[in-house]
Amino acid sequence: MKYFITYVLLLSINFYSNAFDKSYPKDSLVLDPSITYGKLNNGFQYYIKPTSNAKQNLEIRFLVKAGFNQEDEDQYTLSHFMEHIALKAGKNVSTRLLYGSKLANDLNIGRGAITAYTAREYTEYVVRIPNTDNAKKFAFQLLDDIMQGLEFKDAYVESERSPFMDESEVRGGASSIAVKKFLLESEVIGCGAMAPVDYQNYIEHFTKDKLIRFYKDWYRPDLMGVMITGGIQDINSLENELNEWFAEIPNPVNPRIRKSCIGTTKQDKGHFYQQERERNYKDQYEIDLYYELYFQSKSLKNNNSVTGLENRLKEEIISKVLHERLKLLKETENWPFEAIAAFSDGSSFLNVQVKTQEGSSQEAIRGTMNALQQFRKYGVLKEELIKIKNRILPFFEQQDSKSYWNSEIRKHFLNQEALPARKKEFLKNYLDQLRAKDINDYLRENYNAMPSHIGLIAPKAHPTLDLEEDTIRSWINDGLRQEVANFKIPGIPSSLIDSKVVENLKAHRFTSLPVNITNAKKYKLANGLQLVLKPLAKDDYMSIPKGEIRFLGIRQKGAFCFLEEDYFSAINAPQIVYDAGVSNIDRASLNRYLKSKDPYLYAMPYIHNQETGIQGQATMKTLETALQLVYLYFTDPNKNDAAFKRWERANPSENLEDVNQKDFRTQIELALGHKNFLPTGSFRMQGVSKTDFDRAYAVYQSLFGKASEFTFIFSGDFDQQKVLELSNKYLGNLPNIQDLICNKNLHKKDFFDNDLQSEVWGSPDKMNNTLVNVYYRTKITSETDDWKEKIKLEFLANLMDVSLMRRLRLESEQGGPYSIHTIYNHDASNFFHELVIIYSCQPEDQERLSKEIESSIKIIQRDLFSEDMFETTKQEFLSLQRENNYNRLQKIATHLRENNTWYTQDELIAFIKSLSPNDIKEISQTYLNGTPRVFKMNPKKDENRLNNY
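Counting restarts for each chain: residues are numbered from 1 in the order of the written sequence. Side-chain atom pairs in this predicted model are given and counted only at pLDDT of 80 or more, local residue features only at pLDDT of at least 70, and totals for whole chains, interfaces and linings cover all residues. Excluding hydrogens and water, the side-chain values take into account all heavy atoms of the structure.

Observations concerning the domain arrangement of the protein chain
Cut-off, in case you're wondering: The domain boundaries here were taken from an automatic or database domain assignment.
Taken as a whole, the protein chain is organised into domain 1 (36–247), domain 2 (272–481), domain 3 (499–732) and domain 4 (759–938). Taking only C-alpha atoms into account, the centre of domain 1 sits 44 Å from that of domain 3.

With respect to helix α20 (residues 623–635)
Counted only if it meets this: Where helices and strands are cited, they refer to DSSP runs of H or I of at least four residues and of E of at least two residues respectively, numbered from the N terminus. To estimate how far a helix should extend, the number of its residues minus one is multiplied by 1.5 Å. Here the term buried applies to any residue with accessible area under 20% of the maximum for its type, exposed to any over 50%, and partly exposed to those in between, with areas from a 1.4 Å probe on protein chains only.
When the terminal C-alpha atoms of α20 are compared, their 18 Å separation across 13 residues agrees well with the 18 Å that a helix rising 1.5 Å per residue should span. By the burial criterion, the buried members of α20 are L623, T625, A626, L627, Q628, L629, V630, Y631, L632, Y633 and F634.

Some details on the sheet that holds strand β9 (residues 288–296)
The following threshold applies: Should DSSP find at least two bridges between two strands, the strands are regarded as paired. Each axis is a line fitted through C-alpha atoms, and for a helix only the stretch in contact is used; angles between axes span 0 to 180 degrees, taken between their N-to-C directions. Residue contacts are defined here by distance: any two heavy atoms, one from each residue, within 4.5 Å place the two residues in contact.
With mixed pairing, 5 strands are arranged side by side in an open sheet as β8-β12-β9-β11-β10. Edge strands, defined here as strands with exactly one partner in the open sheet, are β8 (272–277) and β10 (338–343). Across the sheet, the mean angle separating the axes of adjacent strands is 15 degrees when strand polarity is ignored. With 9 bridges connecting them, β9 and strand β11 (residues 349–357) associate as antiparallel partners. What sits directly across from E292, in β11, is Q353. Against the sheet, helix α6 (residues 177–189) engages β8, β9, β11 and β12 (453–459), with an angle of about 155 degrees to β8. The sheet contacts of helix α10 (residues 306–333) involve β10 and β11, and relative to β10 the element is tilted by about 175 degrees.

A word on the packing of aromatic side chains
This is how the line gets drawn: Each aromatic pair joins two rings of Phe, Tyr and Trp (for Trp, the six-membered one) with centres within 6.5 Å, and gets the label stacked for planes under 30 degrees apart, edge-to-face for over 60, and tilted for any other angle. Geometrically, a lysine NZ or arginine CZ counts as sitting over a ring once it is within 6 Å of the ring centre and also within 35 degrees of the ring normal.
Under the definition given, this model contains 45 aromatic pairs. Arranged with centres 5.9 Å apart and planes meeting at 75 degrees, the rings of Y294 and F349 form a pair that is edge-to-face. Pair noted here: Y294 is in strand β9 and F349 is in strand β11, with a separation of 55 residues, a long-range link. Comparing Y294 with F349, the two get one shared label, buried. Feature note: the residues F44, F62, Y125, F140, W245 and F246 constitute an aromatic cluster, connected by ring pairs. Its guanidinium or amino end placed over the ring of F182, R120 lies 3.7 Å from that ring's centre, counting from NZ or CZ. The residue whose ring lies beneath K424 is F395, and the NZ or CZ to ring-centre distance is 4.9 Å.

Overview of the packing of helix α27 (residues 787–810) against helix α32 (residues 917–927)
Short version of the rule: Each angle receives one of four descriptions, namely roughly parallel if under 35 degrees, roughly antiparallel if over 145, roughly perpendicular if within 65 to 115, and oblique otherwise. Three categories are distinguished: nonpolar for Ala, Val, Leu, Ile, Met, Phe, Trp, Tyr, Cys and Pro, charged for Asp, Glu, Lys and Arg, and polar for the others, with Gly belonging to the last.
Where α27 contacts α32, the axes come no closer than 10 Å and their chain directions differ by 90 degrees. In terms of their interaxial angle, α27 and α32 are classed as roughly perpendicular. On α32, the residues that touch E789, K792, L793, F795, L796 and L799 of α27 are D919, I920, I923, S924 and Y927. A per-class count over the contact of α27 with α32 returns 7 nonpolar, 1 polar and 3 charged.

Things to note about the state of the cysteines
For the record, the criterion: Two cysteine sulfur atoms make up a disulfide if the distance between them is within 2.5 Å.
Going through the model one piece at a time under the given rule, you end up with 2 disulfides. Shown here is the disulfide that connects C191 with C261, its sulfur atoms set 1.7 Å apart. Torsion about the S-S bond of the C191 and C261 cystine: about -85 degrees, corresponding to left-handed handedness. Here C191, found in the loop between α6 and α7 (199–205), pairs with C261, found in the loop between α9 (235–246) and β8; they are 70 residues apart in sequence, far enough to count as distant. Covalently, C561 is tied to C742 through a disulfide, its sulfur atoms 1.5 Å apart. Its S-S torsion of approximately 75 degrees makes the covalent link between C561 and C742 right-handed.

The structure is reproduced here in structure tokens:
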């Protein structure tokens, strides 16, 4: 039988009106009474919280207090592997049932209904379902299976090794900086396992008993809980169901004691930890070194107390202010290194990461520590506190959502963090009264100037790994001893454009033009520039933030208008200009000005192969500022040689992160002749040396120098007349300086090879999996260049998604890819419809998976897929059609570029609902015929890589 823990509300209303009421006992706080909490006899806990904005859906989150920190030395990442098995090996329920089954169709739940996540201290399983009896039964059966009904069959474990390894590669590999940072922190806190030398061999061969041991040790009722949010009507009934399902599940005899690692530290003499990473492709340009400085709080945390809540808020403010200040110092002092600050998740460490390059370690450590000493000595400035308060306060004023309650309940379950009634109100009141002195006193009392622990991440065999702890601490002391003055907040420009210049921008005549876009207006300004305005209509399905405006200006000429020798100067010009700023305002000052108006306000120019444009976001309040910025990008871009050199230095980091994926994509696009694609990865990096400073600005000014060839689109929640007036004032005064004649055949042979059928490349960087793209391409004809044809192809891609994932991953006894996706691409430049299957896998699995894909496609072509799979795909596809402001803007732009037929949201939904299995059978027979073009990147180097650019 269950028993209930009933809470009596101890907090008085007066306490919340006075956050500093010393009469209130600060050693404990009671749980918010709007949450129904219970604890069964076996220790299983539950939280039930009805949420006002959740309609009839439920969100069930099952928590296990077992994560990476609970792994034994021989169980590295097996907590995560356990998460995979838990969703696969249930006796009664598994994720296989969500992919096109009758059950999924009857319950009205799709593929995304079940997700999971493994963290340091816990694993969380999330189930999103309609609030029906059958759906709840499904969810509770899943939880019951995870608690006591898992089948650790050899086939389940063996078939999950390949996708598990593939997921690791997709997320950056076992030697990624994120993984190395995680391992450093594990050493600092003294919890969790260390990575084996050969991670892939370990995953391929670990024995099942280690996984079972982890499950038996930690997957037990007294370490488990569930939180349920959403449209809950009958709480008593729900409590009874939880009792019936979970009360009788026993705990093991002599359960293992769980050590909590939150806020702990490894108490030994070693305070300097190192992690070696694999050398990578980027190292030939620059070698990144990472120093992790851990500052341990002296504060003894009592999470379930007023003091605990107050201190947590202070720590959040300290980390945010310090993070912002370090960013500003990099900008104003032109640091050749980068420092970022944050509180480590689930620990009491303030972590400062210093990223620098080979040869600059001493300068980076000294500079960072000097900045930290300045922060410690003079503290948070009043202006900084006001800025951070203004950023945090809106969160406290927002309506409580499911995500808010899930986060708060999770912290209460895991860490006993206080969750009293009106917690937001209390924190808002406390924040209002908080002074800079309170923050600074807390900082100096609780954090030493010297970091307690130091971490280092460097490439294998790099000389930096020979550094002694004393050497690094001597650099730290050098920075601490250096004299510091109080920090001065950089100034913000008073305006973008001089008031006299603004006064001289006169409104001109304009004319209305016909347009076939529903509820839109089109105008032509005196300088020839055209406007398309589509404000939010009363009957719009689209839900957007109040007052949001997105805009896009396009000209159908781009980099291909210039000689090949100018190509990289052309496509890199917008970023060079963006990094320099506008007029006499540098990029850093411009960013501060824009953020002072609205953190989401921006405008960004671009130059593609066949199009030039500028895109941005504003509100009615900030639209004039946005249009002033657009005006300056057209007429007065800042030309700054120092900014250009900073752009050159930043390119390795910009272009060579995830270089395998970027190069693979670039080589495919080259092979297929996609003329709208810009090179990325090492191809883009090679173009840095081919970019000329003066030519970049000459090309930029030429492409942005003809206002009459631009069309600007505005979409969102706005006053149409006001937008027209402001556009006429700023866009209507853009100049027509020069004509530009493009040679359309200039790059046709130089850049593309349409005759290439398939190709295999070697990866430029180390990886363990094979990347695969399978292309089915069909020429567009006048009969098939129709929006309904495109929608059917998108539907087919979704059906292939479901079918392939089910067969290759979930039903495979040999294992498959972590994920497999099919997308539809409309290649308008070459007049092709393209269906693309995208996946990665272990190299030895590729041939087998290729045959399974062929077999799955034949099933679709023969209409052998089930009616349930078709219906679940249709419901999922319908849910994907919710329009947002960005998508609407792009839809209008595509309509203008291609002059295609406009269709309304009602027409789209009606057409999708009308689709039948026979429609999909017919379209699959048309577009999945013939031999596809297969592109692969294998985990090896190949010196004969494409180098068309």
